[in-house]
Amino acid sequence: MATPISHLAASTFLDHHDDPTVFDAALDLVDELLKASTEVVGVYASVVEALLPTIVAVLKVRASWEKPSAPIPYKSPAGALKMQVLSKDTALSMQPEAVDLLSHLLRTSPPEVPLLEPLVGGAFPVLMSALASASPEDSGLLQSGSEAVRWYVTKGAEQLAGRVFELGGSGTPATNGLVLAVNVSSTWKLFCRTFWTSF
């Protein structure tokens, strides 16, 4: 049951990312499934497996891309791997919601196990790269990103501290994940102070 609902959430995100009511309903289904399951860790892993490829693909799109579109993978509710091609602008506009979805996955991570490897080794460096290349006009992405960074530190500080990440093309030197998270958070706070004091 978990897998079809997870795939439904992924396809709902792609089709209705700008309709918070529809997307929140899909997330509520996933939450209820996690609460009702006796095998929470296994169900959670299937939810992450279904949603993370879509989140990561959306976060890899950059404003500097010369391509006019981006292929975004997702699995249909029946489990078939599909590709939805989005315009670059649409994919960029989805990034705050993609990061909100990532934060949701981090927040609901079962406390009895460490963060899953795809969240740490796959999604974390992509999120950091997206935040490092964001401009002040990307306030939605930066705001959502600061929340995701908070959940990464809350749930996986030891895992982040024990790994070195290199963000290709961002100009950020290789460093452990915890230092990287703090640096990104500090940059966001500096941006907020600069922005609010300019009025």
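Before any of the text, the structure's been laid out above.
Colleague: Where do I start with the packing of aromatic side chains in this structure?
Modeller: Aromatic rings considered in pairs are described by the distance between their centres and by the relative angle of their planes. This model, assessed by the stated rule, comprises two aromatic pairs. Consider the rings of phenylalanine 124 and tyrosine 152, whose centres lie 4.9 Å apart with planes at 70 degrees: the pair is edge-to-face. Here phenylalanine 124, found in helix H5 (residues 117-132), pairs with tyrosine 152, found in helix H6 (residues 139-161); they are 28 residues apart in sequence, far enough to count as distant. The residues phenylalanine 124 and tyrosine 152 share a single accessibility class, namely buried. Taken together, the ring pairs connect Phe124, Tyr152 and Phe165 into an aromatic cluster. In this arrangement the basic side chain of arginine 150 is found over the ring face of tryptophan 151, its NZ or CZ atom lying 4.7 Å from the centre.

Colleague: Would you mind going over H6 with me for this structure?
Modeller: Residues spaced three or four apart along an α-helix face the same direction, because each turn holds 3.6 residues. With 23 residues, H6 extends only 27 Å from end C-alpha to end C-alpha; this falls clearly short of the ideal 33 Å at 1.5 Å per step. Along H6, the sharpest change in direction is near 80 degrees and occurs at lysine 155. Within H6, burial applies to Leu141, Leu142, Ser144, Gly145, Ala148, Val149, Trp151, Tyr152, Gly156 and Leu160.

Colleague: Before we go on, may I ask you to explain the environment of leucine 115 in this structure?
Modeller: Counting through the fold element by element, leucine 115 comes out in the loop between helix H4 (88-107) and H5. Taking relative accessible area as the criterion, leucine 115 reaches 5% and is therefore assigned buried. The spacing of leucine 115 and lysine 155 is 40 residues in sequence and 6.9 Å in space, taken between C-alpha atoms. Every residue in contact with leucine 115, bar those within four places of it in the chain, is listed here: Leu106, Ser109, Val120, Tyr152, Lys155, Gly156 and Gln159.

Colleague: What is the right way to read the pattern of salt bridges from this model?
Modeller: Pairing between side chains of opposite charge can happen when the charged atoms of each approach one another. In this structure the tally under the stated criterion is two salt bridges. Arginine 163 is the salt-bridge partner of glutamate 117, the closest N and O atoms lying 2.7 Å from each other. One end of the pair, glutamate 117, is in helix H5; the other, arginine 163, is in the loop between H6 and strand E3 (164-167), and 46 residues separate them in sequence. Its relative accessible area of 29% is what places arginine 163 among the partly exposed residues. Between glutamate 147 and arginine 150 there is a salt bridge, and its shortest N-O distance comes to 3.0 Å. Placement of both glutamate 147 and arginine 150 in helix H6 is noted, with a separation of three residues, approximately one turn of the helix. By relative accessible area, which is 33% here, glutamate 147 ends up partly exposed.

Colleague: Would you mind going over the packing of H4 against H5 with me for this structure?
Modeller: Packed helices, taken two at a time, are described by their axes: the angle between them and the distance between them. Two elements in contact, H4 and H5, have axes whose closest approach is 12 Å; the angle formed by their N-to-C orientations is 145 degrees. Considering how the two elements wind past one another, H4 and H5 form a crossing that is left-handed. Between H4 and H5, the contacting residues are Val99, Leu102 and Leu106 on the first element and Leu119, Ala123 and Leu127 on the second. Partitioning the contact of H4 with H5 into residue classes produces six nonpolar, no polar and no charged.

Colleague: Sorry if this is basic, but what is going on with the packing of helix H2 (residues 20-36) against helix H3 (residues 40-59) here?
Modeller: Contact geometry for H2 and H3: axes closest at 8 Å, N-to-C directions at 155 degrees. Classified by the interaxial angle, the pair formed by H2 and H3 is roughly antiparallel. At the point where H2 passes H3, the crossing takes the right-handed sense. Across the interface between the two elements, Val30, Leu33 and Leu34 of H2 pack against Val40, Val43, Tyr44 and Val47 of H3. Across the contact of H2 with H3, the residue classes break down as seven nonpolar, no polar and no charged.

Procedures and definitions
- Residues numbered from 1 in each chain as written.
- Predicted model: local features only at pLDDT ≥ 70, side-chain atom pairs only at ≥ 80, totals over all residues.
- Heavy atoms only, no water.
- Phe/Tyr/Trp six-rings, centres within 6.5 Å; stacked < 30°, edge-to-face > 60°.
- Helix = DSSP H or I, 4+ residues; strand = E, 2+ residues; numbered from the N terminus.
- Buried < 20%, exposed > 50% of the residue type's maximum accessible area, 1.4 Å probe, protein only.
- Lys NZ or Arg CZ within 6 Å of the ring centre and 35° of its normal.
- Expected span 1.5 Å × (residues − 1).
- Bend = angle between axes of the 7 residues up to and from the residue.
- Contact = heavy atoms within 4.5 Å.
- Salt bridge = Lys/Arg side-chain N within 4 Å of Asp/Glu carboxyl O.
- Axes fitted to C-alpha atoms, helices over the stretch in contact; angles between N-to-C directions.
- Left-handed = near helix turned anticlockwise from the far one by under 90°.
- Nonpolar A, V, L, I, M, F, W, Y, C, P; charged D, E, K, R; others polar.
- Parallel < 35°, antiparallel > 145°, perpendicular 65-115°, else oblique.

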